[in-house]
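# Tertiary structure, described
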Amino acid sequence: MASQECECKEFCFFFERHAGKFGPVEPILKANLCGRGGEECARHVVFALAGPRAVPSELYPNDIAGAMRVVERHRAEAGTMRQAC
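Throughout, a residue's number is its position along its own chain's written sequence, starting from 1. Owing to the predicted nature of the model, reporting of local features is limited to residues with pLDDT of at least 70; listing and counting of side-chain atom pairs is limited to 80 or more, with chain, interface and lining totals taken over all residues. Water and hydrogen atoms were dropped before computing side-chain values, which therefore reflect all heavy atoms in the structure.

## Considerations on the environment of P52
Strands here mean DSSP runs of E at least two residues long; helices mean DSSP runs of H or I at least four residues long; both are numbered from the N terminus. As for its position among the elements, P52 is in the loop between α3 (42-50) and α4 (64-84). Each C-alpha atom of the pair P52 and F11 lies 8.2 Å from the other, and the pair is 41 residues apart in sequence.

Structural data, given as structure tokens:
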């Protein structure tokens, strides 16, 4: 199966902000998370379900539980805004 780059790549600077923090495994992590369309990345989950502006800069790519909390909070806030209109 050919790898495809994550659609978030243009605005996700996680690995740039944390350059060198993951040592020699960094290229492997990046290839696994960003090079497979982002399907295993928590940041991509938020992007896909809540939009690019909802992705917190501090969210780690492996924090799926954190991603789901962000998505739930985003949905609750969106529901509150709809009810106010």
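And the narrative resumes.
## Examining the pattern of salt bridges
Each salt bridge in this description consists of a side-chain nitrogen of Lys or Arg and a carboxyl oxygen of Asp or Glu lying within 4 Å of one another. Within the structure shown, the criterion is met by 2 salt bridges. A salt bridge links E72 to R75; the nearest nitrogen and oxygen atoms lie 3.8 Å apart. Residue E72 and its partner R75 are both found in helix α4; the two are separated by 3 residues, about one turn of the helix.

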